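Listed below are the residues making up each chain.
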Amino acid sequence: MKKLLSLIFTFILIIQPSFGFGIYKKIDFEKDSEPRASKILYEHMLKFENKTPEELKDFANIYPESVKAVEIDLNDDGKKEVVGLILSTYCMGTAGHSLFILQLENNEYKDITYIVNFSLCKSFYILKHKTNGYRDIKLYGSISYNFKPFIVKYKNGLYKNDIQTRGLERALRQ
């Protein structure tokens, strides 16, 4: 019974976007990237790593053109969050590219993602459905997750991918 329900759920996740049901916005980071959003994410990374632009480039091969981001209001509060990625091996691995979602709090951007990795080979969707007031996000895992679709939800102040989080926690216990 569990396998049947899992199969049905996976089918719904796969078929839903192809018919356009439930999609708020489809994002292609190469085509849709916005200069302002990309600059915000780049500056966030400079501050997070406590590096100058030259140091960040030498340290992680991150430079302004390697950052792709868009601004979108995920919680309908009138303030747009920055959603993006950094095209650098520093921000990717076998699980895919790291997703960054920055939210403005007290004139400072805070990353509200925790272990969310995805494949750039597949589509990336912001969904109409919300969890805890924030839009859910549909993305696909990398080859290490068989390009399986994931729905990432906002819980306890963070966007998390429970499947990837459990995988990391299991690996750390070993």
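In this text, all values refer to a predicted model and were calculated from it rather than measured experimentally.

Trainee: I keep staring at the packing of aromatic side chains and nothing clicks. Help me out?
Mentor: Inspection of every chain in the model, using the stated rule, returns 7 aromatic pairs. For the ring pair Y134 and Y154, a centre distance of 3.6 Å and an interplane angle of 20 degrees mean the geometry is stacked. Taken as a pair, Y134 in strand β11 (residues 134-140) and Y154 in strand β12 (residues 149-155) lie far apart in primary sequence, 20 residues in all. Overall, Y134 belongs to the buried group, its relative accessible area being 10%. Its relative accessible area of 11% is what places Y154 among the buried residues. Pairing Y134 with Y159 gives two aromatic rings, centres 6.2 Å apart and planes at 85 degrees, and the pair type is edge-to-face. Within this pair, whereas Y134 is found in strand β11, its partner Y159 is found in strand β13 (residues 158-160), the two being separated by 25 residues in sequence. Across the pair, Y159 and Y134 agree in class, each one buried. Each member of the aromatic cluster is reached from another via a ring pair, and the members are F29, F118 and F124. Seen from the ring of Y63, K57 lies directly overhead, with NZ or CZ sitting 5.7 Å from the centre.

Trainee: Explanation requested: the layout of surface pockets in the structure shown.
Mentor: In this approach, a probe sized like a water molecule rolls over the atoms, and the result shows the empty space that is left. Computed from the structure, the largest pocket encloses a volume of approximately 320 Å³. Taken together, 15 residues make up the lining of the largest pocket; nearest its centre are F48, S98, F100, D111 and T113. For the lining of the largest pocket, the element with the highest residue contribution is helix α3 (residues 35-49), accounting for 4 residues. Across the lining of the largest pocket, the residue classes break down as 9 nonpolar, 4 polar and 2 charged.

Trainee: Help me understand the environment of F147, please; the structure alone is not making it clear to me.
Mentor: Along the chain, the position of F147 falls in the loop between β11 and β12. Distance in space between the C-alpha atoms of F147 and K122 is 7.9 Å, their sequence separation being 25 residues. Non-local contacts of F147, meaning those with residues more than four positions away in its chain, are made with S119, K122, Y140, G141 and S142.

Trainee: Honestly, the side chain of E49 in this entry has me stumped. Any pointers?
Mentor: For E49, the position within the fold is in helix α3. Buried and unpaired, E49 has no salt bridge, with K51 as the nearest side chain of opposite charge at 5.6 Å. If near-sequence neighbours (up to four positions away) are discounted, E49 is found in contact with L56, F59 and Y90.

Reading guide: rules and limits
Residues numbered from 1 in each chain as written. Predicted model: local features only at pLDDT ≥ 70, side-chain atom pairs only at ≥ 80, totals over all residues. Heavy atoms only, no water. Phe/Tyr/Trp six-rings, centres within 6.5 Å; stacked < 30°, edge-to-face > 60°. Helix = DSSP H or I, 4+ residues; strand = E, 2+ residues; numbered from the N terminus. Buried < 20%, exposed > 50% of the residue type's maximum accessible area, 1.4 Å probe, protein only. Lys NZ or Arg CZ within 6 Å of the ring centre and 35° of its normal. 1 Å grid on protein atoms, 1.4 Å probe; cavity = no way out; pocket = protein on both sides within 12 Å on 5 of 7 lines; lining within 4 Å. Points joined across faces, edges and corners; volume = space filled by probe spheres on them. Nonpolar A, V, L, I, M, F, W, Y, C, P; charged D, E, K, R; others polar. Contact = heavy atoms within 4.5 Å. Lys, Arg positive; Asp, Glu negative; His and termini not counted. Salt bridge = Lys/Arg side-chain N within 4 Å of Asp/Glu carboxyl O.

These values are about where atoms sit, not about what they do.
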